[in-house]
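Now for the letters of each chain:
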Amino acid sequence: MTAATPEPAIQVTDVTKRYGGILAVDRVSLTAAAGEVFGFLGPNGAGKSTIVKLVLGLASATSGNIQVLGRPAGSLEVRARIGYLPETFRFHEWLTAAQLLQFHARLARVPARRRAGRTAELLDLVGLGARANERLSTFSKGMMQRVGLAQALIGDPQLVILDEPTSALDPIGRREVRDLIRGLRRQGVTVFLNSHLLSEVERVCDRVAIINRGRVVAQGALSELLETQEVDVRAGPGAAEAARRALSAEAAASAGAAAASGEDAGRSGEAAAHDVQVTADGRLRIRAASDAQVAAVVRRLVEAGVPVYDVRPVGDSLEDLFVRVAETGDA
Amino acid sequence: MSAHLIAGFTLREAFQRRIVLAAALLTVGFLALFGLGVWLGYRDLQSDPTTSPEVAASLIGVLLAGGLWSLNFIASMLAIFLSVGSLSGELDQGTLHAIAARPVRRSEIVLGKFAGFTLMLAVFIGVSASAMIVTVAVITGRLVATSWLAPPLMLAASMTLVGLAMAGSSRIGTLANGVMVFTLFSTALVAGVLEQVAVLLDNALLFDIGVFSGVVLPTRALWSMASAQLSDGGAFTEVQAGTTGALIAPSGWTLLVGALHLAVTLGIALRAFGRRDF
Ligand SMILES: Nc1ncnc2c1ncn2[C@@H]1O[C@H](COP(=O)(O)OP(=O)(O)O)[C@@H](O)[C@H]1O
Ligand SMILES: [Mg+2]
């Protein structure tokens, strides 16, 4: 479905952002296709919000290029087609919920005749229909975040950027937001979802990028990322070397195959260099792109005359991937 | 173009904030007192056979200048409090993020806010200063025609404060900016007094310091110009000027300096805020 759309909703190419001495974003490239729900996952301080601000033109990149809906990031035409829920979701508290939405409807250039209707609709959608005319100063954090979500949708955007949209919500609220995101996808709206919550991303996103310390360490379809296998191998001397060679050969082979089938070959190809680590107790920690790769590496080890005593899976969920990323800075 | 939306929003916000309410209440009470004072004072002066009608009117002119001076001070405070956190403060609170992500130019945010503050101050100064002038005119039956130039000049004085505060707010936090603006504001006041003293003592250095302060922040100089409009050149001009205005009325250059000052401060605000990362 997404393949039919020629231009990606967001195309970030080799972007770096420094705040004084702090390197917030380090040569990040990522692509969110039109119509998909893209999850941007990473621990606190990883650089997620920074990327979002760069995409919106709220901050300017130190270097690199960002195209949004086919135009340079930050251009007014593009902004008119984006909805954004900021991480802080702070709004002027002297406004009522309805007034906030009406104001944003005007800013988003919603035609006058549609403003009132859209406002009522969206407040109902986020469960605040009954409190439309109450001041935001009387709202709880969760209600504020809900009103922020409605605000993000007021301009009937083509692209919705949500920065940690459920941080103040209870489990029921989180589920409602997931349903809302799925609803947007059904309407063909692209959603860019920043989150440090795996469950959130795991359940609604088509594709995911994982960022840590300003660098994207993994990116791809969720199913693809979850296929990544990590195994713990106890083997004879020379195993590390042989395993590295085997992995490179396998990666090259699958990259060739992927290129032939027209898919993105970058991920499997570039990952090979650091996919074999020697743990403290002398075991090998091998990461492979798939079960088939694990099998192939073991076969090559044996063929190279390295005895293999024991192969154990280390984990295979997004959570494992995420924790690994957060701990080591490496996927 | 969305600058008018930002301006309207700023105006609405100003009305929502307690400071405007406080200023309005203060002013209403103040106007009532002023009216009463003028009425009683003028009645006493009239019943005193030794005071000529001209002298009585001039004395009332001094009262008017004093009243407007207080009003100008309230307007200055209002101008500072409204705008001192208008950019940085909102950025820090995060209330500007969703707005700035809309199809709105940064310059429209700065200019829209400036326009909103200006309109707010124009209404405030326009209504209350006119009320004072009319009060005096009705009670005394005399009106110095140039008095009507005083409110626009007072507005200009407040606008330079808004410009200064917004320039600061585009770069530094609310607290630091508040300190900066108040320091300059009081320095200009003190320097204004120095300038008057300089005239009395015929001291050139002091006078230059006063003039220089008028360039750094022309608020006080613009007020002196406003105050000078209230005088019809009668006997008590000097009394009036000594208490609230200038012994020598600032020249027309003051207006030019005011305009340039505003252009520079707004230019700084536009430039700095345009580049600022959220
Ligand atoms: N305005 C800023 N000034 C200085 N440093 C910043 C600023 N914004 C973010 N950073 C720094 O950039 C890094 C990434 O922050 P952020 O993008 O907010 O992370 P995340 O959203 O993933 O939690 C952090 O180290 C943070 O301290
Ligand atoms: Mg963040």
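Since we're looking at a predicted model, the values are computed, not measured.

Draft legend 1. Up close: the packing of aromatic side chains. Counted under the stated rule, the structure contains 8 aromatic pairs over all chains. Centre to centre, the rings of Phe38 of chain A and Phe192 of chain A are 5.4 Å apart; their planes meet at 10 degrees, and the pair counts as stacked. In this pair, Phe38 of chain A is assigned in strand E3 (residues 37-41) and Phe192 of chain A in strand E8 (residues 190-195), connecting sequence segments 154 residues apart. One aromatic cluster in this structure is built from Phe38, Phe40 and Phe192 of chain A. If you follow Arg43 of chain B out to its NZ or CZ, it ends over the ring of Trp39 of chain B, 5.1 Å from the centre.

Draft legend 2. Layout of the nonpolar core. Leu123, Leu136, Val147, Ile161, Leu162 and Phe192 of chain A together with Leu68 of chain B are the most contacted members of the largest nonpolar core, which totals 151 residues. In terms of residue count, the dominant contributor to this core is helix H3 (residues 53-83) of chain B (13 residues). Ignoring anything within four residues of it in the chain, the contact list for Ile161 of chain A reads Val52, Val55, Leu56, Ile82, Gly83, Tyr84, Leu85 and Phe192 of chain A.

Draft legend 3. Geometry of the side chain of Asp232 of chain A. Mapping Asp232 of chain A onto the fold places it in strand E11 (residues 229-235). Not counting residues up to four positions away in its chain, the partners in contact with Asp232 of chain A are Thr279, Arg283, Leu284, Arg285, Asp310, Val311, Arg312 and Val314 of chain A.

Draft legend 4. Local environment of the domain arrangement of chain A. For chain A, the assigned domains read domain 1 (10-222) and domain 2 (230-313). For domain 1 of chain A and domain 2 of chain A, the distance between their C-alpha centres works out to 38 Å.

Draft legend 5. Structural detail: the coordination of the magnesium ion (ligand 2). All names here are of chain A. Donor atoms from the polypeptide that coordinate the magnesium ion (ligand 2) comprise Ser49 (OG) and Glu87 (OE), at 2.0 to 2.3 Å from the metal. Of the two residues, Ser49 sits in helix H1 (residues 48-56) while Glu87 sits in the loop between strand E6 (82-85) and helix H3 (97-107), which places them 38 residues apart along the sequence. Using a relative accessible area of 13% as the deciding quantity, one classes Ser49 as buried.

Draft legend 6. How the structure looks around the sheet that holds strand E5 (residues 71-72) of chain A. Residue and element names in this part refer to chain A. What the 4 strands build is an open sheet, ordered E2-E1-E4-E5; its pairing is antiparallel. If you trace the sheet from one side to the other, it starts and ends with strand E2 (22-32) and E5, each paired once. Relative to E5, strand E4 (residues 63-68) is paired through 2 bridges, and the arrangement is antiparallel. Among the inter-strand pairings, Val68 is bridged to a residue of E5, identified as Arg71. The strands touched by H1 are strand E1 (10-19), E2 and E4; relative to E1, the strand with the most contacts, the crossing angle is about 115 degrees.

Draft legend 7. How the structure looks around unusual backbone geometry. If you check the backbone angles, Leu69 of chain A has positive phi at about 50 degrees while not being a glycine. Residue position: Leu69 of chain A is located in the loop between E4 and E5.

Draft legend 8. Structural view of the interface of chain B and chain A. Every contact between the two is made by 24 residues of chain B and, on the other side, 31 residues of chain A. The contact between chain B and chain A buries some 2600 Å² in all, and 59% of this surface belongs to carbon and sulfur atoms. Our count for the chain B to chain A interface comes out at 1 salt bridge. There are 14 residue pairs in polar contact (both at pLDDT 80 or more) connecting chain B and chain A. Put simply, the parts of the chain that give the side of chain B that touches chain A at least two residues each are helix H1 (3-16), helix H4 (88-93) and helix H5 (97-100) of chain B. Ranked by residue count, the leading element in the side of chain B that touches chain A is H1 of chain B, at 6 residues. The residue makeup of the side of chain B that touches chain A, split by class, is 10 nonpolar, 6 polar and 8 charged.

Rules behind the numbers
- Residues numbered from 1 in each chain as written.
- Chains lettered and ligands numbered in written order.
- Predicted model: local features only at pLDDT ≥ 70, side-chain atom pairs only at ≥ 80, totals over all residues.
- Heavy atoms only, no water.
- Phe/Tyr/Trp six-rings, centres within 6.5 Å; stacked < 30°, edge-to-face > 60°.
- Helix = DSSP H or I, 4+ residues; strand = E, 2+ residues; numbered from the N terminus.
- Lys NZ or Arg CZ within 6 Å of the ring centre and 35° of its normal.
- Core = buried A, V, L, I, M, F, W, Y, C linked by side-chain atoms within 4.5 Å.
- Buried < 20%, exposed > 50% of the residue type's maximum accessible area, 1.4 Å probe, protein only.
- Contact = heavy atoms within 4.5 Å.
- Domains from an automatic or database assignment.
- Donors = N, O, S within 2.8 Å, 3.2 Å for Na, K, Ca; no water.
- Pairing = 2+ DSSP bridges.
- Axes fitted to C-alpha atoms, helices over the stretch in contact; angles between N-to-C directions.
- Buried area = accessible area lost by both parts, 1.4 Å probe.
- Salt bridge = Lys/Arg side-chain N within 4 Å of Asp/Glu carboxyl O.
- Polar contact = N/O pair within 3.5 Å; in protein donor to acceptor, adjacent residues only side chain to side chain.
- Nonpolar A, V, L, I, M, F, W, Y, C, P; charged D, E, K, R; others polar.

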